[in-house]
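Below are the chains, spelled out letter by letter.
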Amino acid sequence: MGSVGEDRGPVRRGPAAIGRDLVLAIGLAGACVGGLALFFKTAEAAGDRGSGAPTALLVALAALGALAVGLALLRRGAAPVRRREARRTVAAAPVPDVPDVGTEALDHTAVDPDGFEHTVAALCARDGCTPVEVVGGAGDLGADVIATSVDGRRVVLQCKQYAEDHRVGSQDLQRFGGTCFTVHGADVAVVVTTSSFTAPAAEYAATCGIVCVDGEALAAWTDRLAPPPWEALPVDPA
């Protein structure tokens, strides 16, 4: 069943209507031509060809005008009528539903590094991102999760499930910083870890505009005690 505003294609007149227009056009042209022939015959019989020339010209022009009208009616019958299409309202695309993410999908301690990427992706989906894609693996060039926020920003996340005593260093941030914006086109670049960041790493991230989410911040984000990391940066008006 078609919905409101569904495009049903151009509306065309039927063959019967087109045939009537064609007969009308031919009839008008034939009548005018016949009248012109009758006039010339009468004028010749009366021997008054000179005075009949202007009138003959007017009759000829009338015949051509009638023929043009007939052809216009024919074209109108064959061409699609598009006025109704212009008035139709196109139905808005439905907004996809945000998935209902269960708490088991957010247990960062119960998964391996690959599973950790999925738990971070589940957090993004829970907080309204759509679509959300896990892209981590060989050749990922630093991106593990790519999501689109509610306000339309492209969020690129790198996920590092480290032990508490294994801190994320500046080299990790530099490698990610070299690809997150130029290669992956991030509006917001985020590094998420279960551990913490060294001071040089945090300094580099602040310089490049990369959001750092350590273990404590991740727990707060998971428990809804802190906003999503992409809200840490203001929306660029451009």
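Structure: see above.
Since the model is a prediction, treat every value here as computed from it, not as a measurement. (Residues numbered from 1 in each chain as written. Predicted model: local features only at pLDDT ≥ 70, side-chain atom pairs only at ≥ 80, totals over all residues. Heavy atoms only, no water.)

This brings us to the overall build of the protein. When its secondary structure is counted, the protein shows seven helices and five strands. When contacts within the protein are restricted to residue pairs at least 6 apart in sequence, those whose partners lie at least 24 apart make up 58%. Entry remark: accessible area of the protein is about 14,600 Å², with carbon and sulfur atoms responsible for 60%. (Helix = DSSP H or I, 4+ residues; strand = E, 2+ residues; numbered from the N terminus. Contact = heavy atoms within 4.5 Å. Areas by Shrake-Rupley, 256 points an atom, 1.4 Å probe, with all protein chains shown as cover.)

In this section: helix H4 (residues 113-126). For H4, spanning 14 residues, the distance from its first C-alpha to its last is 20 Å, which sits close to the expected 20 Å at 1.5 Å a residue. Counting buried residues along H4, eleven of its 14 residues qualify, which places the element largely inside the surrounding structure. Within H4, the full set of buried residues consists of Gly115, Phe116, Glu117, Thr119, Val120, Ala121, Ala122, Leu123, Cys124, Ala125 and Arg126. Against strand E1 (132-134), strand E2 (145-148), strand E3 (154-160), strand E4 (188-193) and helix H7 (215-222) lie the buried residues of H4. (Expected span 1.5 Å × (residues − 1). Buried < 20%, exposed > 50% of the residue type's maximum accessible area, 1.4 Å probe, protein only.)

Before going further, it helps to spend a moment on the nonpolar core. With 19 residues, the main nonpolar core has Cys124, Leu157, Val190, Val192, Leu218, Trp221 and Trp230 as its most contacted residues. Residue assignment for this core shows that the elements contributing at least two residues are H4, E2, E3, E4, strand E5 (210-213) and H7. Ranked by residue count, the leading element in this core is H4, at five residues. Those residues in contact with Val190, other than ones at most four positions away along the chain, are Val155, Val156, Leu157, Gln158, Phe176, Ile210, Val211, Val213 and Pro229. Membership of the second largest hydrophobic core comes to 14 residues, among which are Ala143, Leu173, Ala189 and Ala205. (Core = buried A, V, L, I, M, F, W, Y, C linked by side-chain atoms within 4.5 Å.)

Let us now look at the packing of aromatic side chains. By the definition in use, this model includes one aromatic pair. Centroid distance Trp221 to Trp230: 5.9 Å. Interplanar angle 85°. Geometry classified as edge-to-face. A single burial state applies to Trp221 and to Trp230, both of which are buried. (Phe/Tyr/Trp six-rings, centres within 6.5 Å; stacked < 30°, edge-to-face > 60°.)

With that out of the way, let us pick up the pattern of salt bridges. The tally for this structure, following the rule as stated, stands at four salt bridges. A salt bridge links Asp172 to Arg175; the nearest nitrogen and oxygen atoms lie 2.7 Å apart. Placement of both Asp172 and Arg175 in helix H5 (residues 170-177) is noted, with a separation of three residues, approximately one turn of the helix. When its relative accessible area of 14% is taken as the criterion, Asp172 is described as buried. With relative accessibility at 53%, the residue Arg175 sits in the exposed group. (Salt bridge = Lys/Arg side-chain N within 4 Å of Asp/Glu carboxyl O.)

This part takes up the pairing of E3. Most of E3 sits out of view: six of its seven residues are buried. Two elements, E3 and E4, share six bridges in a ladder whose sense is parallel. Within E4, the position partnered with Val156 by the bridge is Ala189. (Pairing = 2+ DSSP bridges.)

Counting through the fold element by element, Ala189 comes out in strand E4. Of the residues examined, Ala189 reaches a relative accessible area of 0% and is grouped as buried. C-alpha of Ala189 to C-alpha of Gln158: the two residues are 31 residues apart in sequence and 8.2 Å apart in space. Not counting the four nearest positions on each side in its chain, Ala189 is found in contact with Val156, Phe176, Cys180, Phe181, Gly209, Ile210 and Val211.

This part takes up the pairing of E5. The pairing of E4 with E5 spans four bridges and is parallel. Following the sheet pairing, Val191 is matched in E5 by Cys212.

The strands making up a sheet associate through hydrogen bonds between their backbones, and the pairing can be parallel or antiparallel. Strand order in this open sheet of five strands is E1-E2-E3-E4-E5, and the pairing throughout is mixed. The open sheet has two edge strands with one neighbour each: E1 and E5. Strand-to-strand twist of the sheet, defined as the mean angle between neighbouring strand axes without regard to direction, takes the value 20°. Seen against the sheet, H5 touches E3, E4 and E5 and runs at an angle of roughly 150° to E3. (Axes fitted to C-alpha atoms, helices over the stretch in contact; angles between N-to-C directions.)

The residue after Thr130, namely Pro131, is reached through a cis peptide bond having omega 0°. Looking at where Pro131 falls in the secondary structure, it is placed in the loop between H4 and E1.

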